[in-house]
Number of protein chains: 2
Amino acid sequence: MDQDRILLAHGSGGTMMRELVENVFVSGFGDDVLSRMDDAGVVAFPGSRVALSTDTYVVWPLEFPGADIGRLAVCGTVNDIATSGATPLYLSVGFVLEEGLEIDVLRRVLVSMREAAAEAGVRIITGDTKVVENGHGDGMYINTAGVGVVPDGVDLSGSLCRPGDVVLLSGTLGDHGIAVVSTREGLSFSTDIQSDAAPLNRLVAAVLAAAPATRCFRDPTRGGLASTLNELASASRVSMTVDEASVPVREQVRGACEMLGYDVFQVANEGKMVAVVPPDQAQAALEAMKSAPYGADAAIIGEVADGPAGKVYVRTLFGATRIMDMLVGEQLPRIC
Amino acid sequence: MDQDRILLAHGSGGTMMRELVENVFVSGFGDDVLSRMDDAGVVAFPGSRVALSTDTYVVWPLEFPGADIGRLAVCGTVNDIATSGATPLYLSVGFVLEEGLEIDVLRRVLVSMREAAAEAGVRIITGDTKVVENGHGDGMYINTAGVGVVPDGVDLSGSLCRPGDVVLLSGTLGDHGIAVVSTREGLSFSTDIQSDAAPLNRLVAAVLAAAPATRCFRDPTRGGLASTLNELASASRVSMTVDEASVPVREQVRGACEMLGYDVFQVANEGKMVAVVPPDQAQAALEAMKSAPYGADAAIIGEVADGPAGKVYVRTLFGATRIMDMLVGEQLPRIC
């Protein structure tokens, strides 16, 4: 590459695009199927049900403590596939690059993606790059989509929660959202709080092996735990109650939320998983979660009840009960 | 929906996002699996090899004669999957919406996507929406990714072209690129030239049934026929020669290219397919193409020779031979 910044011609379909694809993307990802540069990647598929998921990442800034847009893009789609109980196998990646982006930034993001994919055990086998004029993007947006194989007998859904079920959370809330916003605002605690972006497919597989009657998994990203539980309660026509004292939150994150006026239940996470499990398998699920990567701080945080359908409650530290509302309006734009 | 424009809160993960997803996306696409609103769509997969492909669409303007960004986004990924010989089955869709976008525009685009998916026989089973601040996008960018099943015995690749093979093209060149640029520039011939955006999976399947020894398919999008043939010649280490007189081009497109200074071989297409076929199956492939949807103007346009490896030539209308170069620099930004 003679250039050190992205030019419009890198999206033209001509010689400069080919150079970018060969010298930056193909060598950056290092996958045999991707290297063939056919329009679609063709790979073995070992099963009879496929899980397909996608997310586009528009986080700003592109790099922040603990992760960057690349790690986020791989982990987010891996986790979305994993929520179905599937084993994530293959990813596609689509870039929208802004004219003027430093190619060194792109290279760093690709290293993050490659490392996250290796950690998750997935392959990036196909991709696409578009370039938009300076001022029409923010450095880069990344879409990842991915496929996983759903094991026979696994049939999870957010609509399967039943009264008596137990709600588990795999670790501390709010780290990602606070890490990004504190970087953006130049707040002094920014170096103490790291994004939790992480691939959770092994954690999900461990829980599913230990607690095969698990109803569903969901990763509480945008809208935080509050959106996730409200969606599950609504889909299953049940109520849920969370015990505030049992929800793991780092001290610095709790302090930042107070300072910024955020409800930690509504702050985005990128490396946490919620599981809803029948009561007789809850302890086994918890132990599996705690032993799995990224699950050390896992806890049982609440339970499912008969109704009123779609309502989520918090038993506060002071013994009162309040409603855990979904976010109304916008709290942290461009958090993922 | 109370609002008639996209707000940042539509990307928040909160109540407004849920309303947008339920009232616009889920009802717009009308797919059972999508309606479950789980993080991944789970569906049957009838085979042992999967083809995965992705493209992001940043075309400007969003609507143009003959198609819009939505039809483009469905057809483009369907066609990329089809090039591998796979049957496209399922799509994911990821939107980046710009704050201020009229929701009516979004609804029109969803209608186009739904119609194109129905025409191609694919299902949109999972999706994602992000919102960026006004001025940080152009109305919308759309990523589609998709999976197809690769039939047993089918193993196509751009590296398999051999000397003596015949090059087929499924119809007229340049329609999409000229339709978009003429709209953008307000040129007077804009209403005469329509984008060719179309799903070509049935055409590919018909050719493959008639000519099972087909080496490869490739859709000549960005960079046009010139990029496609140069890539194939390079991957297969062969040369190719195209007979200019046999390449179908509409009169208005030829005229527009002359006026604008474009080489029609470098202009983008979104509903054309190139096939490379051994000589003994070329006639069968041509007949199958001509009988298939969108293949009426198909023609044999050239042949493969021993070398020099990676070179593509044109026999001009005047009997001379010139090199068919890949685009250098940028011709038409944001064409797809």
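Placed above this text is the structure.
Residues numbered from 1 in each chain as written. Chains lettered and ligands numbered in written order. Predicted model: local features only at pLDDT ≥ 70, side-chain atom pairs only at ≥ 80, totals over all residues. Heavy atoms only, no water.

Novice: Which parts of the structure should I look at to understand the overall build of chain A?
Specialist: Each helix and strand counted, chain A has nine helices and 14 strands in total. Here the C-alpha atoms of chain A give a radius of gyration of 21 Å, agreeing with the 20 Å that 2.2 N^0.38 yields for 336 residues. For chain A, the spread of C-alpha atoms along the three principal axes comes to 65 × 50 × 30 Å. A buried classification covers 64% of the 336 residues belonging to chain A. Long-range pairs, those at least 24 residues apart, make up 84% of the contacts in chain A between residues at least 6 apart in sequence. (Helix = DSSP H or I, 4+ residues; strand = E, 2+ residues; numbered from the N terminus. Rg over C-alpha atoms; globule rule 2.2 N^0.38 Å. Buried < 20%, exposed > 50% of the residue type's maximum accessible area, 1.4 Å probe, protein only. Contact = heavy atoms within 4.5 Å.)

Novice: Help me understand the relation of the copies chain A and chain B, please; the structure alone is not making it clear to me.
Specialist: The second copy of the chain is related to the first by a rotation about an axis and a shift along the axis. Once chain A has been moved 0.0 Å along the axis and rotated by 180°, it coincides with chain B to within an RMSD of 0.0 Å. Here the two chains are linked by the operation of a two-fold rotation axis. Residue by residue, 100% of the interface of chain A is reproduced at the interface of chain B, so both copies engage with the same surface. (Least-squares fit on C-alpha atoms with pLDDT ≥ 70 in both.)

Novice: Quick question: what am I supposed to make of helix H4 (residues 103-120) of chain B here?
Specialist: Since one α-helical turn is 3.6 residues long, residues separated by three or four positions face the same way. For H4(B), built from 18 residues, the straight-helix expectation of 26 Å at 1.5 Å per residue is met to within 8% by its first-to-last C-alpha distance of 26 Å. Within the span of H4(B), buried status applies to B:Ile103, B:Val105, B:Leu106, B:Val109, B:Leu110, B:Ser112, B:Met113, B:Ala116, B:Ala117 and B:Ala120. (Expected span 1.5 Å × (residues − 1).)

Novice: Quick question: what am I supposed to make of the pairing of strand E10 (residues 239-243) of chain A here?
Specialist: Every other side chain in a regular strand lies on the same face of the sheet, so the side chains alternate between the two faces. Residues and elements named next belong to chain A. Here E10 lies mainly inside the structure; four of its five residues are buried. Here E10 pairs with strand E12 (residues 299-305) via four bridges, running antiparallel. Note that in E12 the partner of Ser 239 across the bridge is Ala 305. Where E10 meets strand E13 (residues 312-315), four bridges bridge the pair, whose relative direction is parallel. Bridge assignment links Thr 241 to a residue of E13, and that residue is Tyr 313. (Pairing = 2+ DSSP bridges.)

Novice: It is not clear to me how the interface of chain A and chain B should be interpreted in this structure. Could you clarify?
Specialist: By a widespread convention, an interface's size corresponds to the accessible area lost as its parts come together. Of the residues lining the interface, 79 residues belong to chain A; the matching set on chain B comes to 79 residues. Sorting the residues of chain A by area buried against chain B places A:Asp39, A:Leu52 and A:Arg222 first, and these three jointly supply 13% of that buried surface. Summed over the shared surface of chain A and chain B, the number is eight salt bridges. Of the charged contacts in the structure, one is a salt bridge between A:Arg334 and B:Glu133, with a shortest N-O distance of 2.5 Å. Linking chain A with chain B are 39 residue pairs in polar contact (both at pLDDT 80 or more). Broken down by secondary-structure element, the contributors of at least two residues to the side of chain A that touches chain B are helix H1 (15-29), strand E1 (41-44), strand E2 (49-57), helix H3 (69-82), strand E5 (87-98), strand E6 (123-132), strand E7 (140-149) and helix H7 (224-236) of chain A. Its residues assigned to classes, the side of chain A that touches chain B comprises 32 nonpolar, 29 polar and 18 charged. When E2(A) meets strand E1 (residues 41-44) of chain B, the two strands line up antiparallel, connected through four bridges. (Buried area = accessible area lost by both parts, 1.4 Å probe. Salt bridge = Lys/Arg side-chain N within 4 Å of Asp/Glu carboxyl O. Polar contact = N/O pair within 3.5 Å; in protein donor to acceptor, adjacent residues only side chain to side chain. Nonpolar A, V, L, I, M, F, W, Y, C, P; charged D, E, K, R; others polar.)

Novice: Explanation requested: the side chain of A:Glu244 in the structure shown.
Specialist: All names here are of chain A. Its location among the elements puts Glu 244 in the loop between E10 and helix H8 (251-260). With no salt bridge to any partner, buried Glu 244 finds its closest opposite charge in Arg 254, at an N-O distance of 4.9 Å. Here the side chain of Glu 244 touches Leu 317 through a polar contact of 3.3 Å, landing on its backbone nitrogen. (Lys, Arg positive; Asp, Glu negative; His and termini not counted.)

Novice: Would you explain the packing of aromatic side chains in this entry?
Specialist: What characterises a pair of aromatic rings is the spacing of the ring centres plus the angle enclosed by the ring planes. Tallied over the full model, the rule gives four aromatic pairs over all chains. Summarising the aromatic geometry, the rings of A:Tyr141 and B:Tyr141 are spaced 6.2 Å apart at their centres and angled 45° between planes, so their arrangement reads as tilted. You can see A:Tyr141 sitting in strand E7 and its partner B:Tyr141 sitting in strand E7 (residues 140-149), one on each of two chains. Like B:Tyr141, A:Tyr141 is buried. The positively charged end of A:Lys130 is found above the aromatic ring belonging to B:Tyr57, 5.4 Å away from the centroid. (Phe/Tyr/Trp six-rings, centres within 6.5 Å; stacked < 30°, edge-to-face > 60°. Lys NZ or Arg CZ within 6 Å of the ring centre and 35° of its normal.)

Novice: Before we go on, may I ask you to explain unusual backbone geometry in this structure?
Specialist: Comment: phi is negative for the bulk of residues other than glycine, and the bulk of peptide bonds are trans. Of the consecutive residues A:Gly307 and A:Pro308, the connecting peptide bond is found in the cis state with omega at 0°. Relative to the assigned elements, A:Pro308 resides in the loop between E12 and E13. Even without a glycine there, the phi angle at B:Met37 is positive, about 55°. Relative to the elements of secondary structure, B:Met37 occurs in the loop between helix H2 (32-35) and E1. Residue class for B:Met37 comes out partly exposed when judged on its relative accessible area of 30%. For B:Arg237, which is not a glycine, the phi torsion comes out positive at approximately 55°. Within the fold, B:Arg237 resides in the loop between helix H7 (224-236) and strand E10 (239-243).

Read these as layout, nothing more, since geometry by itself doesn't imply function.
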